Each structure stands twice: as C-alpha cells, then as structure tokens.
Amino acid sequence: MRGSRPGFRAFPRTAGLAGAGMMLGACSGTQSALDPAGREAGEVATLFWVMLVGAAVIWLAVIGTAVFASRWQGRPVSERAGLRLVLWGGAIVPTLVLAALLAYGLRLMPALRAGEPALTVEVTGEQYWWRVSYRGPDGAAIESGNELRLPAGHAAEILLTSADVIHSFWIPSLAGKLDMIPGRTNRLVLHPERIGTYRGVCAEFCGRSHTFMAFTVIVMEPAAFEAWLARQAAPAATAADEGAFLANGCGGCHSVRGTPATGTIGPDLTHLADRAMLGAGLFANTPENLRRFVAEAEEVKPGSRMPSFGMLPPQDLDAITAYLGSLR
Amino acid sequence: MKLSFRITGRRLLYLLAGVGLLGLLVAWSGLVNIGASAGHWRVTAWALHAVMQNSVRTYALFEPPPPADLDSPAHIRRAAGHFETACAFCHGSPSHPAPILATVMTPVPPALDGAASKWTPRQLARIVRHGVKYTGMPAWIAPERDDEVWAMVAFLRALPDMSADDYRRLAFGDDHAENRPLRNNPLESCARCHGLDGNSAGGAFPVIGGQSEAYLRATLDAYAKGLRPSGFMQFAANAVPASELQRLAAYYASRPGLGRHSEPDDSDGSRIAFHGIPASDVPACESCHGDSARRRDTYPVLAGQDAGYIAARLRLMKEGTAPLPAARVMHTIASRLPEEAIEAVAEFYSRQRPAADRRDP
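Residues numbered from 1 in each chain as written. Chains lettered and ligands numbered in written order. Predicted model: local features only at pLDDT ≥ 70, side-chain atom pairs only at ≥ 80, totals over all residues.

Draft legend 1. Highlighting the overall build of chain B. The number of helices and strands found in chain B is 16 helices and 0 strands. A compact globule built from 361 residues would reach a C-alpha radius of gyration of about 21 Å, whereas chain B, at 26 Å, exceeds it by more than 25%. In terms of overall dimensions, chain B has C-alpha extents of about 105 × 50 × 40 Å along its principal axes. Intrachain contacts of chain B at a sequence separation of at least 6 include 71% that bridge at least 24 residues. (Helix = DSSP H or I, 4+ residues; strand = E, 2+ residues; numbered from the N terminus. Rg over C-alpha atoms; globule rule 2.2 N^0.38 Å. Contact = placed C-beta atoms within 7 Å.)

In structure tokens form, the structure reads like this:
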C-alpha cells in the first residue's frame with residue numbers, strides 16, 4: 001500500500017467523512033433508534049453501544065495480533081503455543097464473550113414484557129394503514145387511525161395484530177420492532193419518556209404501498225393526553241356540511257361518529273383534521289393533499305383499497321375536502 | 001415449325017412486371033365495373049364465398065364458448081328489437097321477409113332463417129362480432145360486449161321457427177302494437193324493448209321505470225358519446241338529439257317501476273346490501289345506492305332492478321368492461337365480490353320491487 005498514488009489515498013478519507021456525516025445525520029430525529037425517547041429504545045441503544053464497543057475491542061485485539069505476528073514477531077511460535085492460542089482465542093474467549101452478551105441481552109427481555117400498563121391501545125395493520133383503537137376510561141373503544149398518541153412517563157400496552165398479511169410495527173425512537181401476524185395478538189409495552197413527535201413504520205414488506213405505510217407517534221404530557229383522549233371520544237365537532245360526504249357514499253367505508261357514516265372498512269375519520277399526516281404518512285394534512293387523496297387514492301398510493309373518486313364533480317370534491325378538513 | 005423459347009429468370013421477371021403493369025393499366029382506365037348492379041362473376045362469387053366461409057370457421061376457434069343458457073327466452077327477447085332496427089333492413093324478418101333494397105345489393109344479404117343450421121354458435125358469434133369485409137355487413141359496435149353478441153346469436157338461432165306474430169311481439173313489444181300515436185316519436189324506438197313503463201320484460205332488459213333521472217340522462221349521454229359500450233344502446237342513442245335524450249330520461253324516471261327503498265331481511269344478499277363484506281373491504285351497496293334523500297342522483301337506484309341485469313353489470317364491472325368514470329369505483333369494489341355474492345345481492349335487490357309496480361309479462 002505504501003507509496004501508492006496520492007489520489008487513491010485521498011479518496012477513502014473524503015468518502016469516509018461523507019459516510020460518517022450521513023450516519024451521524026441518522027443518529028437523531030423523529031425516526032432513530034440511536035436517539036431514544038423511551039425506555040425500551042434506550043435499552044436497545046445501550047445494547048447497541050455495548051455491542052459496538054465490545055466489537056471494536058475484539059477487532060482491535062485481532063488486528064493487533066495480526067500486525068504483531070506479521071511485523072514484529074520474527075520467528076515462528078512453537079506448536080504448543082499455537083494450539084494454546086487457537087484454544088483460547090478461538091473457543092474459550094468467544095464462548096465467554098457470547099455467553100456474557102446473551103445473558104445481558106436476555107436480562108433486557110423481561111423488562112420489555114413487564115409492567116401494569118396505564119393504557120392499552122390495539123393497533124391492527126391493514127394494507128396500507130394502521131387501525132388504532134384506544135380504550136376509554138369506561139372501557140369503550142375509541143377508534144382512530146394512522147396516529148398513535150401516548151402519555152409520557154407511563155407504560156402503554158400495544159396489542160398488535162393484522163387484518164391481512166404480516167406487517168411489522170416499529171417506532172425506532174421508542175422500541176424495537178414487533179411483527180403483526182394475522183390471527184395472533186402480539187403484546188408490546190412501551191415506556192415513552194421524552195415528549196415529542198416521532199415516526200413509526202411498517203418494517204415488514206407487505207405489498208405495493210409498503211413504503212407508504214407509516215404513522216405519526218405523539219408523546220404528550222399525561223394531562224394533555226387525558227384531555228385529548230376525552231376529546232377523541234366525543235363525536236366530530238364541525239359546522240361544515242356533511243351532505244357531499246354522505247351522498248357520495250364515503251360512509252360505506254369510513255366512520256364519522258355523530259353522523260350516519262358508520263363504515264368500518266377504512267380509517268375512522270371522526271377527528272381527521274387533528275392528524276398531522278394523511279394516507280398513513282403519505283402526505284402532510286393540508287386541504288390540497290386531502291383533495292388529491294380523495295380524487296387519486298389509487299394513483300398516489302398504489303394498491304390502496306380505496307377507489308379514486310376523481311370522477312366526482314369539482315364542487316363535490318371541494319365540499320368533501322372542506323368537510324373532512326373541519327373534523328376536529 | 002417449332003418455336004423454341006427458353007424461360008430464363010430475367011424473362012420471367014419481365015413477364016411478371018408486364019402483367020402487373022397491365023393490371024395497373026386496367027385499374028387506371030376505370031373500365032372495371034364496380035356497380036352493384038353488375039353482380040359478381042360466378043367464379044368470383046364462389047371464390048369470395050369460400051374465403052369467407054373458411055375464414056369464419058377458422059376465426060370462430062378464437063370465440064369464447066357460448067353461455068350455458070344461450071337459448072333462454074330473455075336472450076332472444078333482448079336482441080329482437082335491435083334486429084328489427086339494425087339487421088332486418090337488409091336481411092328481412094318473418095314479419096317482412098323480402099326488403100326490396102337488399103335485392104339490389106352485391107352480394108345480396110342472405111335471409112337469416114337458415115343461418116343457425118349452417119353455422120355453429122361460435123361461428124355466428126364471430127360473424128356478429130366482427131362483420132364481413134366487402135359485403136356491407138358491419139362489425140358489432142361494442143365487440144367487448146360478449147353478452148350482447150350471445151343475445152344476438154340466441155335470436156338468430158330462434159329465428160327459423162319464429163312466426164310473423166311471434167316476431168312482432170318480440171321485436172316491437174306489447175306496448176307498440178296498440179300505440180300508433182307513438183309513430184315517429186323517439187319513444188317508439190325505446191318502447192319496443194323497454195315498453196312504455198320501462199319494465200324488464202321477463203329479465204331481458206333492465207328496469208328503467210322509476211330510475212333516477214340524472215342517472216338515466218348520464219347513461220344515455222354516455223351511450224350517445226360512445227363512453228359506455230353497448231351494441232344495442234349506442235346504436236339506439238346515436239341519432240337522438242341531446243334534448244330528446246333528456247326528455248326520454250325524464251319520461252322513464254317518472255314511470256312506476258323501481259322501488260324507493262329496500263327492506264332488510266335475513267338473506268345473504270341483504271347483509272351485503274346493508275353491511276357489505278367488511279372482511280373483503282366491500283362497502284354496503286346501500287351507502288351509495290340506498291334510500292337516502294341525499295343520495296347522489298347519478299348513482300342508480302337498485303331496489304327492484306332485474307336480478308340478471310344487476311349480476312351482468314357487476315360481472316362487467318368486475319372485468320373492467322365498463323369504462324364509465326363512476327364505474328371505475330365500482331370496478332374496484334366489484335373485483336372484491338365473489339360470484340355467490342354477486343348472485344345473492346342481485347337476487348336481493350330484484351325482490352325489492354313494490355308488488356303493485358310489478359308488471360312482468
């Protein structure tokens with residue numbers, strides 16, 4: 001390697017810096033396992049750092065041994081010493097290290113299951129969105145979709161299942177991922193700690209719009225959460241005209257509590273205007289995007305179960321958009 | 001004397017070029033008599049006919065198999081009115097066997113009372129769907145409409161045994177005979193098949209009496225503009241002015257027929273109509289087609305519609321052979337409906353007709 005072309009030597013440094021920059025960029029933000037906002041993600045991050053440091057130490061030891069053997073150790077070692085090295089370095093030390101790491105990893109697992117949760121939320125994966133159902137103080141279900149709100153500092157039990165194919169529920173900032181399997185309920189306990197907005201994703205390829213299957217996670221002050229949940233349980237408060245929404249059949253698939261729209265096929269829209277995103281993390285919730293989703297659901301979200309309603313007269317699309325945008 | 005002449009490649013080429021040139025010369029001269037009055041030489045007629053017959057036999061292999069209920073009375077009735085307006089003009093009919101214009105055509109359009117014994121159903125379907133070049137026989141306006149092609153085939157198969165009276169009843173309808181004042185009124189053409197009340201005539205036609213006016217208008221408009229494929233209805237709506245189509249829509253919408261609402265019961269069809277099939281993402285039919293005063297008026301009324309028609313439409317929408325804008329939404333939904341569900345829901349809606357309105361022949 002020594003004495004090779006200078007350009008060649010310069011290249012890895014630039015690439016290394018750029019790569020490191022990109023990796024550091026992924027270390028914080030709304031969707032990073034390295035910037036934990038909850039107890040489980042914190043443990044995952046700690047495990048990751050312990051593993052990383054351990055791996056670095058082992059790597060340095062192995063490379064150091066190799067350099068020592070090739071540069072400074074002039075004469076061959078005896079067969080006896082060689083055998084001892086293989087026995088310790090190849091069998092005994094790795095076994096001890098792996099056993100220790102396994103014990104450490106296993107120790108983390110009960111914590112993921114433990115706890116008497118203050119809140120239970122059922123989340124069902126469907127192609128390509130998330131059905132979210134809270135239990136109110138009286139035990140009644142409060143339906144929502146594509147957004148998960150949790151109180152900071154309290155344990156929340158998430159019951160995960162799927163309506164069609166296997167999905168995987170992953171909020172990198174809060175915890176590890178867990179599969180959602182049709183006909184089976186998986187339990188995940190979250191202890192969100194830091195107030196903020198995070199992003200959850202489907203982490204198991206589930207079809208054409210897998211990449212458009214995300215959701216917003218909002219960790220709130222417990223008091224604010226209680227107030228929000230109480231509001232969520234109430235019917236939609238709107239002054240806008242629901243006529244176009246009902247006449248065009250939207251209520252066949254969607255519910256807006258307090259109106260004749262009681263469909264259960266698609267997401268509950270009772271408080272749609274409160275949500276940050278549309279179409280399971282596809283668009284920001286703006287009137288333009290809302291109209292576009294109604295008119296072109298099958299185009300903007302391939303494989304979407306919702307038909308495109310672009311054939312409706314523009315004034316109907318406007319009226320539906322205005323109505324949905326008013327659902328607070 | 002002996003002439004010796006050697007055929008060489010070059011001489012052959014000259015000969016071919018000469019013949020070709022002669023042909024062009026004849027064509028250019030205008031001496032070829034293409035008058036229909038001139039008829040064909042026997043050998044030409046024989047050759048053209050042989051080519052046509054062989055072609056039909058071969059291409060019939062690509063036709064789909066006929067439906068099991070091919071010869072049902074509803075199929076026969078369905079094509080009869082169209083036969084009268086679009087076919088009998090050249091081919092004649094039991095009621096008017098020898099149209100005079102046909103006798104001066106080359107080739108003379110055959111009377112069709114022998115067609116069914118000469119051709120198999122698939123061969124008939126081939127001719128009906130694609131027509132015959134150089135004869136004046138047109139193709140089907142909407143070749144993708146298998147159901148219409150088979151209805152016409154069924155009619156052709158029934159034609160040999162049809163009396164003039166039977167024919168008139170099928171082709172002109174019951175209302176027509178006693179309603180002379182309708183002459184030269186576009187309604188006369190509609191009433192031939194749909195009757196004056198827009199009833200289903202034993203399952204041959206959709207019930208259009210009492211249908212939403214906006215829906216009827218949009219449908220007629222789509223037929224007239226070629227947006228909704230139908231060999232029967234595109235032909236019927238083609239020459240009618242838009243104002244007249246509006247009047248016809250208003251007329252049939254005002255007739256008794258379809259019910260105003262549906263009554264749930266414990267049948268499978270009722271469950272689909274009122275609750276959909278949530279597990280397959282099928283919404284309730286009633287959410288768009290139900291009895292809400294606020295229902296979008298271009299969505300058709302289903303209560304009391306003919307079961308065969310609903311099922312056939314759902315199948316067409318499932319296939320995607322219904323490119324109307326709103327039918328795209330129905331394509332998405334119908335593609336999730338299994339055949340049993342289509343039949344159940346069609347049967348349910350056909351039972352929703354108020355007894356007083358029922359007037360099947």
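The discussion continues.
Draft legend 2. Just the overall build of chain A, in detail. Across its full length, chain A holds 7 helices and 12 strands. Counting over 328 residues, chain A shows a buried share of 33%. Taking the intrachain contacts of chain A between residues at least 6 apart in sequence as the baseline, contacts between residues at least 24 apart amount to 64%. (Buried ≥ 20, exposed ≤ 12 C-beta atoms within 10 Å, placed from the backbone.)

Draft legend 3. How the structure looks around the sheet that holds strand β7 (residues 178-180) of chain A. Residues and elements named next belong to chain A. Strand order in the open sheet formed by 5 strands is β4-β10-β9-β6-β7, and the pairing between neighbours is mixed. Among the strands making up the open sheet, the edge pair consists of β4 (147-151) and β7. Within this sheet the neighbouring strands show an average axis-to-axis angle of 25 degrees, counted without direction. Where strand β6 (residues 167-170) and strand β9 (residues 196-202) come together, 2 bridges link them in antiparallel fashion. Pairing of Trp 170 across the sheet is with Val 201, part of β9. This element, helix α4 (residues 222-233), spans β4 and β10 (214-220) of the sheet and lies at about 135 degrees to β4. (Pairing = 2+ DSSP bridges. Axes fitted to C-alpha atoms, helices over the stretch in contact; angles between N-to-C directions.)

Draft legend 4. Region of the structure containing the interface of chain B and chain A. Counting residues at the interface gives 17 residues for chain B, matched by 16 residues for chain A. If you list the elements that add at least two residues to the side of chain B that touches chain A, you get α13 (286-289) and α15 (325-334) of chain B. No other element matches α15(B), which puts 6 residues into the side of chain B that touches chain A. Here the residues of the side of chain B that touches chain A sort into 8 nonpolar, 4 polar and 5 charged. (Nonpolar A, V, L, I, M, F, W, Y, C, P; charged D, E, K, R; others polar.)

Draft legend 5. Highlighting the domain arrangement of chain B. Residue and element names in this part refer to chain B. Examined at the domain level, chain B breaks down into domain 1 (70-171) and domain 2 (183-361). A C-alpha centroid distance of 27 Å is found between domain 1 and domain 2. The interface is formed by 17 residues belonging to domain 1 together with 17 residues belonging to domain 2. Elements represented by at least two residues in the side of domain 1 that touches domain 2 include exactly α3 (73-91) and α6 (146-158). Per-element tally for the side of domain 1 that touches domain 2: the top contributor is α3, with 9 residues. (Domains from an automatic or database assignment.)

Draft legend 6. Fine view of the domain arrangement of chain A. Residues and elements named next belong to chain A. Under the domain assignment used here, chain A contains domain 1 (119-222) and domain 2 (243-325). Computed from C-alpha coordinates alone, the two centres of domain 1 and domain 2 are separated by 22 Å. Each partner contributes residues to the interface: domain 1 has 18 residues there, and domain 2 has 15 residues. Elements supplying a minimum of two residues to the side of domain 1 that touches domain 2: β2 (129-135), β3 (141-145) and β10. Here the residues of the side of domain 1 that touches domain 2 sort into 7 nonpolar, 7 polar and 4 charged.

Draft legend 7. Seen up close, the environment of B:Asn185. All names here are of chain B. Inspection of the secondary structure assignment puts Asn 185 in the loop between α7 (164-177) and α8 (186-194). Take Asn 185: there are 14 C-beta atoms within 10 Å of it, and that puts it in the partly exposed class. It is 9.7 Å that separates the C-alpha atoms of Asn 185 and Glu 244, two residues lying 59 residues apart in sequence.

Draft legend 8. Structural detail: the packing of helix α9 (residues 213-224) of chain B against helix α10 (residues 231-238) of chain B. Residues and elements named next belong to chain B. Between α9 and α10, the least distance of the axes is 8 Å, while the angle of their chain directions is 90 degrees. Compared by their axis directions, α9 and α10 come out roughly perpendicular. Residues Leu 220, Tyr 223 and Ala 224 of α9 lie in contact with α10, whose contacting residues are Met 233, Gln 234, Ala 237 and Asn 238. (Parallel < 35°, antiparallel > 145°, perpendicular 65-115°, else oblique.)

Draft legend 9. Quick look at the sheet that holds strand β1 (residues 119-126) of chain A. Residue and element names in this part refer to chain A. Across the sheet, 5 strands lie side by side as β3-β2-β1-β5-β8; this open sheet has mixed pairing. On the outer flanks of this sheet lie β3 and β8 (186-190), each paired with one strand and no other. Looking at each pair of strands side by side, their axes are set apart by 25 degrees on average, direction ignored. As defined by bridge partners, strand β5 (residues 156-162) adjoins β8 across 5 bridges and the pair is classed as antiparallel. The partner of Glu 157 across the bridge, within β8, is Val 189.

Draft legend 10. Just helix α7 (residues 314-325) of chain A, in detail. Residues and elements named next belong to chain A. End to end, α7 covers 16 Å across 12 residues, agreeing with the expected 16 Å (1.5 Å per residue, within 8%). Listed as buried for α7 are Leu 317, Ala 319, Ile 320, Thr 321, Tyr 323 and Leu 324. On its buried side, α7 packs onto α5 (243-247) and α6 (287-300). (Expected span 1.5 Å × (residues − 1).)

Draft legend 11. Region of the structure containing helix α12 (residues 268-275) of chain B. Residue and element names in this part refer to chain B. Gly 269, Ser 270, Ile 272 and Ala 273 are the residues of α12 that are buried. Viewed end-on, α12 has its buried residues packed into an arc of 160 degrees, placing them on one side of the element. On its buried side, α12 packs onto α13 and α16 (339-350). (Arc of directions from axis to C-beta.)

Draft legend 12. View of the nonpolar core. A:Val123, A:Leu174, A:Ala280, A:Ile320, B:Val345 and B:Tyr349 are the most contacted members of the largest nonpolar core, which has 104 residues in total. Looking at this core, the element that brings in the most residues is α16(B), giving 7 residues. If we ignore the near neighbours within four places in the chain, the residues touching B:Val345 are B:Gly269, B:Ile272, B:Ala273 and B:Cys285. (Core = buried A, V, L, I, M, F, W, Y, C linked by C-beta atoms within 7 Å.)

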